Structures are given as C-alpha cells and as structure tokens.
Amino acid sequence: MPTPPAPVDLEARLGAILADHATFEGPLLPILHAVQAEWGYVPQEALPIIAEGLNISRAEVHGVVSFYHDFREEPAGRHMVKICRAEACQARGGHGVEAAAKARLGVDWHGTTSDGGVTLEPVYCLGLCATGPAAMIDGRVVARVDEKRLETLLSEVGA
C-alpha cells in the first residue's frame, strides 16, 4: 500500500491545487477531485490544509469526503472492480455476482485485497439495465456478468 505523501510535497502540491481553484465558486468538490486525482485518495493530512485554504472547518471538509462514496480516505488497489447493485441488476442475478466477488477477493465492499491488487466497490447503475448484471473493471463496463464470467474478469486483472 502506498505511503502518504511527504508533508513538504503534500503542502506544496495542495497549495498549487488551491491556487488553481481560487476563482471557482464552491471550490471544495473540484479541489477534492484534484487531490484524489493527484494521490489516488484524499489523505487525512490534506484536510486541515484544504480547510484553512478555504476558510472553512476541517469538519466541513471531512463531512464532504465521508459523504461522497467516490472519495477515498485510503489508497485504492491497482485495479478497481465495481459491481452494479441497482434493482435491475439485482433482479438478474447480481446478488450471486456480489457474493462470488467478495468470496474470490476475500474483501467486503470498499475493501482492497491484502496485496493491494484489487479494490471492490458497489456502484448504483452502469446503464446496462437490460443486460445486467453489470460490472466495471478498471473503467471498462461489462454486461451479462455471472459468476463464471466474473472469475474470468478477475483472472484477467491478476486476482
């Protein structure tokens, strides 16, 4: 698992990110997206710096990070596996796909395998309702995923 950025690098890079967003109205979400794009997650060490830069409380920043599921507080795995949990996919066998993924990877939702290889995330609709269950592997959407196809997909990413 990657180590948090060095404090000097963090402060310098955050200063640049804050400056890049200084003219935005309501800049917190874009800043958090930029931070996550930079490090792959939002380091806890960044929260007070962001709060001070925006003249808001650290609790406000933490509240936004913890509210939105796409923000991570820890680094993700090298590969991201997202499985649709929306009603249409569930009706087409999504529960079995979820259970198989959790069993194969040995993690629950939002978990990362011990080797840092794969993070498992729920997603609520990938737009393939008629061809579900659906999954997204490293940004690639896959339809008609059953337990057997899931095994193949996970093997392709080394899981």
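Residues take numbers from 1 onward in each chain, read along the sequence in its written order. Where totals are concerned, whole chains, interfaces and linings use all residues; where local detail is concerned, this predicted model gives features only for residues with pLDDT of at least 70, and gives and counts side-chain atom pairs only at 80 or more. Hydrogens and water molecules were not included; the side-chain quantities draw on all heavy atoms of the structure.

J.: Sorry if this is basic, but what is going on with the nonpolar core here?
T.: The nonpolar side chains of soluble globular proteins are, as a tendency, buried together. In plain words, nonpolar cores are sets of buried Ala, Val, Leu, Ile, Met, Phe, Trp, Tyr and Cys residues tied together by side-chain atoms within 4.5 Å. Each residue is assigned to one of three classes by its accessible area relative to the maximum for its type, calculated with a 1.4 Å probe on protein chains only: buried under 20%, partly exposed between the two thresholds, exposed over 50%. Residues Val-81, Ile-83, Leu-105, Leu-120, Ile-137, Val-145 and Leu-150 are the most contacted members of the largest nonpolar core, which totals 18 residues. Think of it this way: any DSSP run of H or I at least four residues long counts as a helix, any run of E at least two long counts as a strand, and we number them from the N terminus. The greatest single-element share of this core, amounting to four residues, is contributed by helix α5 (residues 87-105). In this description, contact between two residues means that some pair of their heavy atoms is separated by no more than 4.5 Å. Not counting residues up to four positions away in its chain, the partners in contact with Val-81 are Val-118, Thr-119, Leu-120, Glu-121, Met-136, Ile-137 and Leu-154. Core analysis: the next-biggest nonpolar cluster, separate from the first, contains 17 residues, Ile-31, Val-35, Leu-47 and Ala-51 among them.

J.: What should I look at first to understand the packing of α5 against helix α6 (residues 147-156) in this one?
T.: In a packed pair of helices, the relevant descriptors are the angle between the two axes and the axis-to-axis distance. To define axes, lines are fitted to C-alpha atoms, for helices over the stretch in contact only, and angles between the resulting N-to-C directions are given on a 0 to 180 degree scale. Packing of α5 against α6 leaves a shortest axis separation of 9 Å and a crossing angle of 40°. With respect to the hand of their crossing, α5 and α6 are arranged in right-handed fashion. Packed against α5, whose contacting residues are Gly-96, Val-97, Ala-100, Ala-101, Arg-104 and Leu-105, the element α6 presents Glu-147, Leu-150, Glu-151, Leu-154 and Ser-155 at the interface. Amino acids outside the nonpolar list (Ala, Val, Leu, Ile, Met, Phe, Trp, Tyr, Cys, Pro) and the charged list (Asp, Glu, Lys, Arg) are all regarded as polar, and Gly is one of them. Per-class residue counts for the contact of α5 with α6 are six nonpolar, two polar and three charged. Rotating anticlockwise by less than a right angle from the far helix to the near helix defines a left-handed crossing, while the corresponding clockwise rotation defines a right-handed one.

J.: How should I be thinking about α6 in this particular structure?
T.: One full turn of an α-helix is made of 3.6 residues, so residues set three or four places apart face in the same direction. Taken as a whole, α6 has its buried residues at Leu-150, Leu-153 and Leu-154. The arc enclosing the buried residues of α6, seen along the axis, measures out at 95°, which places them on a common side. Facing away from the buried side of α6 by more than 90 degrees, the exposed set consists of Lys-148 and Glu-156. Summarising the contacts, the buried residues of α6 are in contact with β1 (79-84), α5, β4 (135-137) and β5 (140-142). Just downstream of α6 lies Gly-158, where phi reads positive at about 80°. Summarising the geometry, the arc corresponds to the directions from the helix axis toward the C-beta atoms.

J.: Just to check I follow, could you spell out the layout of surface pockets for this structure?
T.: Empty space among the atoms can be located by rolling a probe the size of a water molecule over them. Volume-wise, the largest pocket comes out at about 270 Å³. As for the largest pocket, its lining consists of 14 residues, of which Phe-71, Arg-72, Glu-73, Glu-74 and His-110 are closest to the centre. At the level of secondary structure, the elements contributing two or more residues to the lining of the largest pocket comprise α4 (58-67) and β2 (111-112). Residues that form the lining of the largest pocket fall into these classes: five nonpolar, five polar and four charged. Of the two site types, the cavity is a set of points on a 1 Å grid over the protein atoms alone where a 1.4 Å probe fits but cannot get out, and the pocket is an open set with protein on both sides within 12 Å along at least five of seven lines, each lined by residues with an atom within 4 Å of a point. Grid points are joined across faces, edges and corners, and a volume is the space filled by probe spheres set on the points. As a volume, the second largest pocket reaches approximately 190 Å³. Lining the second largest pocket are Gln-36, His-69, Asp-70, Arg-72, Met-80, Lys-82, His-110, Glu-121, Pro-122, Val-123 and Tyr-124. Of all the secondary structure elements, the ones that give two or more residues to the lining of the second largest pocket are β1 and β3 (118-123). Of the residues belonging to the lining of the second largest pocket, the class tally is four nonpolar, three polar and four charged.

Don't take any of this as a statement about function, it's just geometry.
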